Amino acid sequence: MDKIMYGAPVDLSFRSLSRLTDAWTETPYSGLRPLKKNSERKYLSCSLRLSNNSITDLCDLHQTVSHFLAEPSHLAWLDLSFNKLSHIEQVLCELPGLRVLYLHGNNIHTLSEVDKLGALPHLHSVTLHGNPIEMNKTYRNRVISALPRLKTVDFSAVTQQERVLARLWHQSNTRCRNTRKSLG
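## Overview of the nonpolar core
1) Next: Counting residues in hydrophobic clusters, the biggest one holds 43 residues, and the most contacted among them are L50, L78, L92 and L128.
2) Next: Sort the elements by how many residues they give to this core and helix 3 (residues 139-146) lands first, with four residues.
3) Next: Discounting residues that sit within four places of it in the chain, L92 has contacts with L58, L61, L78, L80, L98, L101, L103 and L120.

Encoded structure:
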């Protein structure tokens, strides 16, 4: 497990990929730490970088993770920043070991999409800045409210005060919605 947890990231950034399956024929970049493989020629890593491509959907994410990683269930860090994703797809919520998720610089328009990530029990860091949802004045409160276990949002630490404000915002918002339902 230690070898896998501390292996270098499998880096498939800047490849002009439009589909995840396009990555399967690519050789990951080799950084300062060399990538190590097991006997099946899969990488001993828990990190996958797919940033700065043109990926529009994640329908083949499980197969792509399995294609590259020796232990796909140990995927802890996924970088999908600077792609063309417009939704937070359900497949992301099926990565139970995910701790860090970069989605900044995409095209996510609907703030409620963030709620889906609440299914990830170990997620402690997420980036969503540079998406249209960032323009919503309740953006940071909503993200912290939807994902109360986060330690950082957009590379910035979540403070105790922000947690309290997000909780109050959520309670107030829930009451307003319930009042509207009972009046309607």
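## Quick notes on the pattern of salt bridges
1) Next: What the rule picks out here adds up to six salt bridges.
2) Next: The closest approach of N and O atoms between D11 and R49, which form a salt bridge, is 3.4 Å. Of this pair, D11 sits in strand 1 (residues 10-11) while R49 sits in strand 2 (residues 47-49), and the two are 38 residues apart along the sequence.
3) Next: The class for R49 is partly exposed, based on a relative accessible area of 29%.
4) Next: Taking the shortest distance from any N to any O, the salt bridge between R142 and D115 comes out at 2.7 Å. Separated by 27 residues along the polypeptide, R142 in helix 3 and D115 in the loop between strand 4 (100-102) and strand 5 (125-127) bring together distant segments of the chain.

## Brief notes about the side chain of N53
1) Next: Along the chain, N53 turns up in the loop between strand 2 and helix 2 (61-68).
2) Next: Overall, N53 belongs to the buried group, its relative accessible area being 6%.
3) Next: A distance of 3.0 Å separates a polar side-chain atom of N53 from the backbone nitrogen of S16.
4) Next: A distance of 3.2 Å separates a polar atom in the side chain of N53 from the backbone oxygen of S51.
5) Next: With near-sequence residues (within four places) excluded, N53 lies in contact with L12, S13, F14, R15, S16, L17, F82 and N83.

## Details of the sheet that holds strand 7 (residues 156-157)
1) Next: With mixed pairing, the seven strands of this open sheet are ordered in space as 1-2-3-4-5-6-7. This sheet does not close on itself; its edge strands, each paired only once, are strand 1 and strand 7.
2) Next: Of the strand pairs in this sheet, strand 2 and strand 3 (residues 77-79) are connected by three bridges, and their pairing is parallel. Each bridged residue has a counterpart across the sheet, and for S47 the counterpart in strand 3 is W77.

## Observations regarding unusual backbone geometry
1) Next: Positive phi values are uncommon outside glycine, yet S16 reaches one of about 60 degrees.
2) Next: For S16, the location among the structural elements is in the loop between strand 1 and strand 2.
3) Next: Given the relative accessible area of 65%, S16 is considered exposed.
4) Next: A positive phi angle is found at F155, which is not glycine, with a value near 65 degrees.

Reading guide: rules and limits
Residues numbered from 1 in each chain as written. Predicted model: local features only at pLDDT ≥ 70, side-chain atom pairs only at ≥ 80, totals over all residues. Heavy atoms only, no water. Core = buried A, V, L, I, M, F, W, Y, C linked by side-chain atoms within 4.5 Å. Buried < 20%, exposed > 50% of the residue type's maximum accessible area, 1.4 Å probe, protein only. Helix = DSSP H or I, 4+ residues; strand = E, 2+ residues; numbered from the N terminus. Contact = heavy atoms within 4.5 Å. Salt bridge = Lys/Arg side-chain N within 4 Å of Asp/Glu carboxyl O. Polar contact = N/O pair within 3.5 Å; in protein donor to acceptor, adjacent residues only side chain to side chain. Pairing = 2+ DSSP bridges.

Without other data, these values stay purely geometric and don't point to any function.
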